[in-house]
Every structure is written in C-alpha cells, then in structure tokens.
Amino acid sequence: MRVFLVCAFVLVAPVVIAQQIGQYTHFPFNYFHLNPAVAGTTKCPDIRLGYRHQWLGFENDPRTAFASVHGSLGGKNKLNKSKHGIGAFVEADQTGPLSRTALYFAYAYHFQFNRRWMMSFGAFVGFQQYRFNVNDAFVPDPGDPVLASSMAAFIAPDITPGVYFYDESWTFGISMQHAIGNRINSLGEESTLRRHFALMASKQFGDSDKFTYTPAMLFRVAAGSVPALDLNMMVEYKQVIGLGLAYRNGDAVAALMRVNFLKYFALAYAFDLTTSRIRVASANTHEITLGISVCTKDRVQGRIPCAAYR
C-alpha cells in the first residue's frame with residue numbers, strides 16, 4: 001500500500017511541482033514570488049494579490065491563491081546606493097486530496113554592482129504545511145495504517161536563496177526553491193521536496209509616452225523533471241493598457257492583458273490554452289492578479305513615480 005501511495009504522488013508530481021514553485025503565466029508581474037532578492041527593488045511598497053484556476057472543469061483541478069508585499073527599508077546609502085528590502089509571501093493551493101499552505105518572510109540586501117547595475121542577495125525563510133485527505137482519494141484499502149497518518153497535516157521548514165541584477169530596463173535573477181530538500185515521510189519514504197532552480201530575465205524598451213515592449217523569460221529545472229521554459233511578450237500603450245502572448249513548452253499558450261487604473265492599481269489577466277494531452281479533459285486556465293503600488297504623488301510629473309509593472 002505504501003508503494004501505491006508513493007506512485008500516486010509521483011504521478012501527480014508535475015502538478016505538485018508547478019504549484020510548489022508558483023507556476024503563474026503572468027510571472028513578470030510578480031517576480032517576487034520566484035526570487036526573494038527582488039524585495040525592495042521598487043521605489044514604493046508593492047502588494048500583489050492573485051488567484052489561478054488551472055484546467056477549468058477537470059476533476060480535482062488545481063486552484064492557487066497568493067498574497068505578497070515587499071518594499072525597501074530606510075533610504076539608500078549615499079556612497080554606494082545600498083539599501084535593504086523586506087517582504088512576505090503567502091500561498092495556498094489544492095489539487096484533489098492534496099493541499100498546501102506556504103508562508104515566507106524575505107530579506108534582501110541591494111548594492112551598486114557597477115556604474116550601471118544594481119545587485120541584490122536575498123532569502124525566503126518560512127515553512128510549508130501539507131495535508132492529505134484520504135476521504136477525497138480513491139484507494140483500494142481505506143484501512144491501511146499509512147493512510148491514517150497521511151490524513152494529518154505536516155509542516156516542512158523551507159529556505160529559498162536568490163540573486164538579482166537590475167538596471168532601468170533589464171532584470172536578471174536566479175533562485176533555488178526548497179534548498180533544504182526535506183523528506184515527506186507521510187507520503188512515502190522516497191518522497192522529498194526537490195530543489196528547484198529558476199532563472200528569469202526581462203527587458204523593457206520603447207517610448208513610455210507611446211508603446212513599450214517587455215519580453216520576458218523564465219527557465220525552471222528540477223532533478224527528475226522535464227525543464228520548463230516560459231516566454232512572455234507584453235506590449236503596453238502609454239503605460240495604461242497592455243496586451244501580450246505567452247508560451248510554456250509542452251504545456252500551453254496564453255493571452256495576456258494588463259490595465260493600470262486609479263494611479264495606484266494594476267490588474268493583470270491571463271488565459272491559458274492547454275496544448276498538452278490533458279487538453280482532452282480540460283483546455284482552459286484562468287489567472288488574475290491585482291497589483292497595488294503604495295506611492296506618494298509626484299508633484300512635478302503629476303503621476304506615480306514608480307511603475308506598477310516590474
């Protein structure tokens with residue numbers, strides 16, 4: 001029976017892995033969830049609230065919700081422009097009988113790398129709580145003692161380090177989720193939280209008074225899984241409304257939209273069209289994210305001095 005449970009976990013691993021590292025189509029709109037070194041990169045406190053409903057209509061379809069906030073602590077050092085960033089990130093998702101809640105706190109240190117680039121080191125420190133509800137699972141032997149322990153929630157501490165480079169238009173970053181690599185004995189002796197590496201990059205160019213263009217890339221890899229590559233392209237008009245396309249290798253293509261409104265808010269939506277074999281059961285995924293930039297008014301320009309999209 002233990003072997004059956006472990007095999008079941010392995011079969012759903014691609015879904016669980018995606019949820020563990022926060023698979024979001026609008027990833028450039030919330031780099032902070034991927035890399036703690038992003039904390040404090042914006043000029044003002046930054047808040048993100050999001051919800052993703054994956055494979056709509058599919059039985060036991062994955063659903064994920066998250067909230068994050070980050071900002072800089074104190075002013076920049078006048079000599080080397082160094083500063084500190086802090087933040088917090090909470091995420092909850094459920095896929096059939098398996099659910100997870102994660103809570104992280106972030107710290108990042110930023111300094112001048114050279115005349116053009118800033119560099120930051122950061123870390124998420126927190127925990128993930130997993131729950132397996134056997135009442136929602138189909139099993140051949142409900143009386144198996146392993147299942148009784150699997151119904152209880154268990155907590156795994158977690159650390160995610162990250163490095164980030166950025167200037168006025170470019171961003172580069174790399175992070176490692178599940179650096180501790182905890183075992184999940186309640187789901188079998190061979191079940192572990194595998195280390196995941198995420199490499200991200202983006203560039204924004206164009207005329208902010210007309211059109212701006214932001215291509216972005218996210219590459220993720222973990223031992224024993226197929227590498228995942230996400231490519232995004234967003235075209236924005238006068239920093240008010242943006243449209244774009246996204247591609248995820250072997251999984252989906254997506255349409256993107258973002259609207260900035262009421263000076264402090266930005267709303268992003270993504271519609272994924274599944275291209276993998278799972279499209280036979282469900283072909284659609286919906287994702288929505290609200291961004292809030294808590295800024296003071298720029299009296300000279302008459303607008304918010306920080307971009308809602310970073």
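Residues numbered from 1 in each chain as written. Predicted model: local features only at pLDDT ≥ 70, side-chain atom pairs only at ≥ 80, totals over all residues. Heavy atoms only, no water.

Peer 1: Explanation requested: the environment of Ala67 in the structure shown.
Peer 2: Among the structural elements, Ala67 can be located in strand 2 (residues 63-73). The class for Ala67 is partly exposed, based on a relative accessible area of 24%. For the pair formed by Ala67 and Ala92, sequence separation is 25 residues and the distance between their alpha carbons is 9.3 Å. Dropping the residues within four chain positions of it, Ala67 is found in contact with Arg48, Leu49, Ala88, Phe89 and Val90. (Helix = DSSP H or I, 4+ residues; strand = E, 2+ residues; numbered from the N terminus. Buried < 20%, exposed > 50% of the residue type's maximum accessible area, 1.4 Å probe, protein only. Contact = heavy atoms within 4.5 Å.)

Peer 1: Explain the side chain of Asn232 here, please?
Peer 2: Along the chain, Asn232 falls in strand 11 (residues 228-237). Here Thr25 takes part through its backbone oxygen, which lies 2.9 Å from a polar atom of the side chain of Asn232. (Polar contact = N/O pair within 3.5 Å; in protein donor to acceptor, adjacent residues only side chain to side chain.)

Peer 1: Got a minute to help me understand the pairing of strand 1 (residues 46-53) in this structure?
Peer 2: Successive side chains on a regular strand alternate, one facing one side of the sheet and the next facing the other. Sheet analysis places strand 1 next to strand 15 (residues 284-293), joined by eight bridges and oriented antiparallel. When the sheet's bridge partners are listed, Gly50 is paired in strand 15 with Thr289. Two strands pair when backbone bridges link them, and strand 1 and strand 2 are joined in this way by eight bridges, in the antiparallel orientation. Paired with Arg52 across the bridge in strand 2 is Thr64. (Pairing = 2+ DSSP bridges.)

Peer 1: Quick question: what am I supposed to make of a nonpolar patch on the surface here?
Peer 2: On the surface, a nonpolar cluster with roughly 560 Å² of combined accessible area is contributed by Phe205, Phe211, Met233, Val235, Tyr237, Val240 and Ile241. Here Met233 is to be found in strand 11. For Met233, a relative accessible area of 31% gives the class partly exposed. (Patch = residues over 30% accessible without salt bridge, like charges linked within 9 Å, V, L, I, M, F, W, Y side chains within 5 Å. Areas by Shrake-Rupley, 256 points an atom, 1.4 Å probe, with all protein chains shown as cover. Salt bridge = Lys/Arg side-chain N within 4 Å of Asp/Glu carboxyl O.)

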